[in-house]
Amino acid sequence: MAATSSVARSSGGKQGLEELTESYARWRSRRLGQITDSLERQLLFELLGPIDRKALLDVGCGDGEFALELAQRGAVVTGLDIDPKMIAAARQRAEAQSTRVQLVEGQMEMLPFENASFDVVLAVAVLCFVQDSGRSITEMARVLKPGGRLVIGELGRWSLWAAYRRVRGWLDHPTWRTATFRSAHELRKLATGAGLNVEQIRGAVHYPPAAIAAEFLAPIDLTLGRKSTFGAAFIAMSAGKPLA
């Protein structure tokens, strides 16, 4: 889910809306994509906790597929993305599903919202593509209400997926050339630097990027992620904003 979404966003300026949304659909139609999406999503929902009637900001919402599911589960969702084509795709999806979400074009390094606007802020595989990750975390913490929760899902540094993407970056792939992969320790440092209290850090997607490996390891993947984030292609962290 996350990595594919970010790839589509990063190349949005060169592609049409139709091609971007098709790239999502191709990933979701493949068995590897379905298994990977399911594991990442299950982990994220576990870290998010109850979201019914909560004001939730999805930073880097892409075509809105996850934002709409959050809204359908009862959250009052605002989706933000830097790419107007992705906002258009998300709006089209929301209209087709008759689901209400607010969609805003903007940058995560300068969120266009007042202080303490949201109960929950979510960012999935977008921090790895911004230049100033510290400022981005600080901005997400700023718009959180006291007692609110930040959930971040990022591309893990020590995984076979990351190794493959690094090689592609060295070969001048436009997306992976600029991507930054992070460890659990680095995510924790960013959150605490923004004044947040880290609650949990867990991993997912410990298998290589192959459908047969995903089929075999999926049943135990999230159990592995509770014990260690090493080897996880996806690392998720939840952090709370102090009440005072």
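Structure's up top.
Residues numbered from 1 in each chain as written. Predicted model: local features only at pLDDT ≥ 70, side-chain atom pairs only at ≥ 80, totals over all residues. Heavy atoms only, no water.

A. Here's a closer look at helix α7 (residues 160-170). Residues W161, A162, R165 and G169 constitute the buried set of α7. Down the axis, α7 shows its buried residues gathered within 95 degrees of arc, on one side only. Of the residues in α7, the exposed ones pointing more than 90 degrees away from the buried face are L160 and W170. D172, located one to two residues past α7, shows a positive phi value of around 75 degrees. (Buried < 20%, exposed > 50% of the residue type's maximum accessible area, 1.4 Å probe, protein only. Helix = DSSP H or I, 4+ residues; strand = E, 2+ residues; numbered from the N terminus. Arc of directions from axis to C-beta.)

B. Inspection of the packing of helix α3 (residues 31-48) against helix α9 (residues 211-227) at higher detail. As a packed pair, α3 and α9 sit with axes 9 Å apart at the nearest point and diverge in direction by 10 degrees. As far as their axial angle goes, α9 and α3 are roughly parallel. Contacts between α3 and α9 pair R31, L32, I35, L39, Q42, L43 and E46 from the former with A211, A214, E215, A218, D221, L222 and R226 from the latter. Split by residue class, the contact of α3 with α9 holds 8 nonpolar, 1 polar and 5 charged. (Axes fitted to C-alpha atoms, helices over the stretch in contact; angles between N-to-C directions. Parallel < 35°, antiparallel > 145°, perpendicular 65-115°, else oblique. Contact = heavy atoms within 4.5 Å. Nonpolar A, V, L, I, M, F, W, Y, C, P; charged D, E, K, R; others polar.)

C. Geometry of the packing of aromatic side chains. The full count for this structure, using the stated rule, is 3 aromatic pairs. With a centroid separation of 5.4 Å and an interplanar angle of 75 degrees, the aromatic rings of F45 and F66 are classed as edge-to-face. A residue pair is termed long-range when its members are at least 10 positions apart, and F45 in helix α3 and F66 in helix α4 (residues 65-72) qualify at 21 residues. Comparing F45 with F66, the two get one shared label, buried. Ring geometry for F113 against F118: centres 5.2 Å apart, planes inclined by 90 degrees, an arrangement best described as edge-to-face. F113 sits in the buried class, given a relative accessible area of 14%. In this arrangement the basic side chain of R73 is found over the ring face of F45, its NZ or CZ atom lying 3.6 Å from the centre. Here the basic side chain of R157 rests over the ring of W158, its NZ or CZ set 5.6 Å away from the ring centre. (Phe/Tyr/Trp six-rings, centres within 6.5 Å; stacked < 30°, edge-to-face > 60°. Lys NZ or Arg CZ within 6 Å of the ring centre and 35° of its normal.)

D. Fine view of helix α8 (residues 184-193). Considered for burial, the residues of α8 that qualify are A184, L187, L190 and A191. Viewed along the axis of α8, the buried residues span an arc of 125 degrees, placing them on a single side of the element. Pointing more than 90 degrees away from the buried face of α8 are the exposed residues H185, K189 and G193. Its buried side turned inward, α8 meets α6 (133-143), β5 (144-155), β6 (197-204) and β7 (234-240). One or two residues past the end of α8 sits G195, with phi positive at roughly 85 degrees.

E. Seen up close, the pattern of salt bridges. Under the definition given, this model contains 11 salt bridges. Here E46 ties to R202 by a salt bridge, and the two come within 2.7 Å at their closest N and O atoms. Residue E46 is found in helix α3, and its partner R202 is found in strand β6; the two are separated by 156 residues along the sequence. The salt bridge partner of E186 is R157, with a shortest N-O separation of 2.9 Å. Taken together, the residues E186 in helix α8 and R157 in the loop between β5 and α7 connect sequence positions 29 residues apart. Residue R157 is classed as partly exposed on the basis of its relative accessible area, which comes to 24%. Here the residues in one salt-bridge network are R41, E65, E69 and R73, joined through shared partners. (Salt bridge = Lys/Arg side-chain N within 4 Å of Asp/Glu carboxyl O.)

F. The packing of α4 against helix α5 (residues 84-97), seen in detail. Axis separation between α4 and α5 bottoms out at 9 Å; the angle between their running directions is 40 degrees. With respect to the hand of their crossing, α4 and α5 are arranged in right-handed fashion. Across from E65, L68 and Q72 in α4, the residues of α5 making contact are R93, A94 and Q97. Across the contact of α4 with α5, the residue classes tally to 2 nonpolar, 2 polar and 2 charged. (Left-handed = near helix turned anticlockwise from the far one by under 90°.)

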